[in-house]
Protein chains: 2
Amino acid sequence: MQNSFTEENYLKIIHNLSGRDDLEVSTNALAESTATRAASVTDMLRKLAEKGLIHYKKYQGVRLTEEGQKVALKVIRKHRLWEVFLVEKLGFGWDEVHDIAEELEHIPSDRLVERLDAYLDHPQFDPHGDPIPDAKGNMPAPDYLKLSDIPLGHRALMMGVLEHTPAFLQHLDRSGLTLGCEIEIKEVNEFDKSAQIQINSQRTLFISQEVSRNVLVQRL
Amino acid sequence: MQNSFTEENYLKIIHNLSGRDDLEVSTNALAESTATRAASVTDMLRKLAEKGLIHYKKYQGVRLTEEGQKVALKVIRKHRLWEVFLVEKLGFGWDEVHDIAEELEHIPSDRLVERLDAYLDHPQFDPHGDPIPDAKGNMPAPDYLKLSDIPLGHRALMMGVLEHTPAFLQHLDRSGLTLGCEIEIKEVNEFDKSAQIQINSQRTLFISQEVSRNVLVQRL
DNA sequence: AAAAAAATTTAGGGCTGTCTAAAAATGTAT
DNA sequence: ATACATTTTTAGACAGCCCTAAATTTTTTT
Ligand SMILES: [Mn+2]
Ligand SMILES: [Mn+2]
Ligand SMILES: [Mn+2]
Ligand SMILES: [Mn+2]
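K.L.:
I would appreciate a short explanation of the pairing of strand E5 (residues 182-188) of chain A in the present structure.
P.N.:
Side-chain direction in a regular strand flips from residue to residue, so the side chains alternate between the two faces of the sheet. All names here are of chain A. Sheet topology note: the strand E4 (residues 155-161)/E5 ladder contains three bridges and is antiparallel. Looking across to E5, one finds that Ala156 is bridged to Ile183. The pairing of E5 with strand E6 (residues 195-199) spans five bridges and is antiparallel. In the sheet register, Ile183 faces E6, and the bridge partner there is Ile199. Hairpin connection, E5 to E6: the antiparallel pair is bridged by six residues, and Lys193 has positive phi, about 60°.

K.L.:
I keep staring at the coordination of the manganese ion (ligand 4) and nothing clicks. Help me out?
P.N.:
In ideal tetrahedral geometry, four donors around a metal make angles of 109.5 degrees, whereas ideal octahedral geometry with six donors gives angles of 90 or 180 degrees. Residue and element names in this part refer to chain B. Taken together, Glu83 (OE), Asp126 (OD) and His128 (ND1) make up the full set of protein donors to the manganese ion (ligand 4), lying 2.1 to 2.3 Å away. Read from N- to C-terminus, the donor residues coordinating the manganese ion (ligand 4) fall into the pattern E-x42-D-x1-H. Here the manganese ion (ligand 4) and the manganese ion (ligand 3) are spaced 3.4 Å apart, linked through Glu83, which binds each one. One end of the pair, Glu83, is in helix H4 (residues 66-89); the other, His128, is in the loop between helix H6 (110-119) and strand E3 (145-146), with 45 residues separating them in the sequence. Across this residue pair, the class does not change: Glu83 and His128 are buried.

K.L.:
Mind showing me how you'd approach the packing of helix H1 (residues 5-18) of chain A against helix H2 (residues 27-34) of chain A here?
P.N.:
When two helices pack together, you describe them by how their axes are tilted relative to each other and by the distance separating the axes. Residues and elements named next belong to chain A. Packing of H1 against H2 brings their axes to within 10 Å, and their N-to-C directions diverge by 120°. One element, H1, and the other, H2, form an angle in the oblique class. Regarding H1 and H2, the two cross each other, and that crossing is right-handed. Facing H1, whose interface residues are Tyr10, Ile13, Ile14 and Leu17, H2 presents Ala29, Leu30, Ser33 and Thr34. Split into classes, the residues belonging to the contact of H1 with H2 amount to six nonpolar, two polar and no charged.

K.L.:
Would you mind showing me how to read the side chain of His106 of chain A here?
P.N.:
Checked against the element boundaries, His106 of chain A lands in the loop between helix H5 (98-104) and helix H6 (110-119). Taking relative accessible area as the criterion, His106 of chain A reaches 10% and is therefore assigned buried.

K.L.:
Explain the coordination of the manganese ion (ligand 1) to me, please; I cannot follow it from the model alone.
P.N.:
Residues and elements named next belong to chain A. Coordination of the manganese ion (ligand 1) by the protein comes from His79 (NE2), Glu83 (OE) and His98 (ND1), over a distance range of 1.9 to 2.2 Å. Taken in sequence order, the residues that donate to the manganese ion (ligand 1) follow the motif H-x3-E-x14-H. In this model, the manganese ion (ligand 1) sits 3.4 Å from the manganese ion (ligand 2), the two metals being bridged by Glu83. One end of the pair, His79, is in helix H4 (residues 66-89); the other, His98, is in helix H5, and 19 residues separate them in sequence.

K.L.:
So what exactly am I meant to see when it comes to the relation of the copies chain A and chain B here?
P.N.:
Put simply, the two copies of the chain differ by a rotation about an axis and a shift along that axis. Once chain A is rotated about the relating axis by 180° and shifted along it by 0.0 Å, it coincides with chain B to within an RMSD of 0.1 Å. The symmetry that links the two subunits is that of a two-fold axis. Taking C-alpha positions as reference, the residue of chain A nearest the rotation axis is Leu104 of chain A, located at 3.8 Å. Of the residues that chain A buries at the interface, 100% are likewise interface residues in chain B, meaning the two copies contact each other through the same surface.

K.L.:
What should I look at first to understand the protein's contact with DNA strand D in this one?
P.N.:
Around DNA strand D sit 23 residues in total, of which Tyr56 and Lys58 of chain A together with Ser4, Ser40 and Lys47 of chain B are the nearest. If you look at DNA strand D and keep only atoms within 4 Å of the protein, 75% of those are sugar or phosphate atoms. Thr27 of chain A has a polar side-chain atom sitting 3.0 Å from a phosphate oxygen of DNA strand D. In this structure, a phosphate oxygen belonging to DNA strand D sits 2.9 Å away from a main-chain N or O atom of Arg37 of chain B. Secondary structure elements with two or more residues in the surface near DNA strand D: H2 and helix H3 (38-50) of chain A together with helix H1 (5-18) and helix H3 (38-50) of chain B. Each residue belonging to the surface near DNA strand D can be placed in one class, and the counts come to nine nonpolar, eight polar and six charged.

K.L.:
Explain the interface of chain A and chain B to me, please; I cannot follow it from the model alone.
P.N.:
By convention, interface size is frequently given as the accessible area that disappears when the constituent parts associate. On the side of chain B, 19 residues touch chain A, which itself brings 19 residues to the contact. Of the roughly 1700 Å² buried between chain A and chain B, counting both surfaces, carbon and sulfur atoms make up 72%. At the junction of chain A and chain B, the tally comes to two salt bridges. A salt bridge links Arg111 of chain A to Glu96 of chain B, with the shortest nitrogen-to-oxygen separation between them at 2.4 Å.

K.L.:
Teacher, can you tell me more about the packing of helix H2 (residues 27-34) of chain B against H3 of chain B here?
P.N.:
All names here are of chain B. It is the contact of H2 with H3, at a shortest axis distance of 8 Å, that shows an interaxial angle of 105°. Judged on the interaxial angle alone, H3 and H2 are roughly perpendicular. Within the contact between the two elements, H2 uses Thr27, Asn28, Leu30, Ala31 and Thr34 and H3 uses Ala38, Val41, Thr42 and Leu45. Looking at the contact of H2 with H3 residue by residue, the class counts come to five nonpolar, four polar and no charged.

K.L.:
I would appreciate a short explanation of the protein's contact with DNA strand C in the present structure.
P.N.:
Taken together, 22 residues are adjacent to DNA strand C, and Ser4, Ser40 and Lys47 of chain A together with Thr42 and Tyr56 of chain B come closest. Counting only the atoms of DNA strand C within 4 Å of the protein, the fraction contributed by sugar and phosphate is 75%. Contacts to DNA strand C include Tyr59 of chain A, whose side-chain N or O atom sits 3.3 Å from a sugar or linking oxygen. In this structure, a phosphate oxygen belonging to DNA strand C sits 2.9 Å away from a side-chain N or O atom of Thr27 of chain B. Looking at the surface near DNA strand C, the elements that each hand over two or more residues are H1 and H3 of chain A together with H2 and H3 of chain B. Looking at the surface near DNA strand C, the element that brings in the most residues is H3 of chain A, giving five residues. Classifying every residue of the surface near DNA strand C by side-chain character gives nine nonpolar, eight polar and five charged.

Parameters and conventions
Residues numbered from 1 in each chain as written. Chains lettered and ligands numbered in written order. Predicted model: local features only at pLDDT ≥ 70, side-chain atom pairs only at ≥ 80, totals over all residues. Heavy atoms only, no water. Pairing = 2+ DSSP bridges. Helix = DSSP H or I, 4+ residues; strand = E, 2+ residues; numbered from the N terminus. Donors = N, O, S within 2.8 Å, 3.2 Å for Na, K, Ca; no water. Buried < 20%, exposed > 50% of the residue type's maximum accessible area, 1.4 Å probe, protein only. Axes fitted to C-alpha atoms, helices over the stretch in contact; angles between N-to-C directions. Parallel < 35°, antiparallel > 145°, perpendicular 65-115°, else oblique. Left-handed = near helix turned anticlockwise from the far one by under 90°. Contact = heavy atoms within 4.5 Å. Nonpolar A, V, L, I, M, F, W, Y, C, P; charged D, E, K, R; others polar. Least-squares fit on C-alpha atoms with pLDDT ≥ 70 in both. Near = heavy atom within 4 Å. Polar contact = N/O pair within 3.5 Å; in protein donor to acceptor, adjacent residues only side chain to side chain. Buried area = accessible area lost by both parts, 1.4 Å probe. Salt bridge = Lys/Arg side-chain N within 4 Å of Asp/Glu carboxyl O.

Set out below in structure tokens:
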């Protein structure tokens, strides 16, 4: 009674959409995220409920059960560990690894995951700054701020991103914004919230609000 | 028009069964290797023929087309590279890696394969001594002998195995028979072809014909 | 060259995961 | 409260890959 590739994807997506507060996830939201139609989602929800992986009442949205949560966190753990491997060991850019990890996350061996984790020195975060659940399914929930919420004149460390598209990540690369860099807000334009920032007390840079809302930081 | 997981497995198995001489492979042999029934094999053969990956005439057995050969060798390349990774980098035993590689071989990224190959320093052989095709699909066909064909008193280097089951590989481990070891035939019992051999000019060992027929060697 | 045996294909279905179209339930607005 | 809009579920179907049972073709034996 193994979970299929597709079932794992649904569970992972339900986890991501329900957020830290474990909100109900709607059929339409799942249809959007899985790139399928609402009718297909309903079929799958029935099956996942049957297997005890989600709480599902018709027309009421879904939440993961304890068991479903465990499966989702295992998939997320594998995804993020493989991303670390691809970047740290194989030299991929952080903009290239998501789609490959999307496949690798479904390779089933527990022994493989644990050895990979050890080989990578038990990393806490993936290349995008997302936390990696441990083998027991514990995942820290760091409370980062959006760069757009840092007040003028203050400094912060870049810790992650909200947007994971290659286009956005490549844009950050070209701007010199990488995980761990120190950012100081030098100027904010009121009418469009674009900003001038200084990176590592050196180069200064103009960024749009679109960028500053998708960069996660920790105040200094 | 990507090939499915299942299609790739059929192509790889057809390649392995047709051997160096590219012999025709029978429906029953495929049913056996894929652990399915002959009727299911026929369905798949029709589809693979449709896609131009095999030559198939009803009741005549199958052979790979040029295109099918290319796909099969890519899958074999990935399988064997992942096996090297699992043994060399993650510390798995050669008896543990086959099933995991059976999954990893279907991960599709070409860039991933080439980077993995480079990371492993372009290995020529997998942990079982099987040759790894290069990126263009060229695979050397080493002409090893079975240990059972080495005459009394002669020496040989262990280069590979014919049998890949965990049970057999673990038996070799317990016997101290590893790739690269030097073997001298000290004595052969006529009635059951069991033999006494000496490993690396040190320890001597009794082995059954079952073992000596499944160990590949190169004469010294 | 039949007849018998073995191998292979065809017929008819099942299960998974998807779809479109239609029906039902829920939410919103007057 | 009723009508309209939106969301969700049901109905019916299809492609991929598998199955058993029956028919057909090839191979082997007599
Ligand atoms: Mn990712
Ligand atoms: Mn990530
Ligand atoms: Mn193998
Ligand atoms: Mn191997």
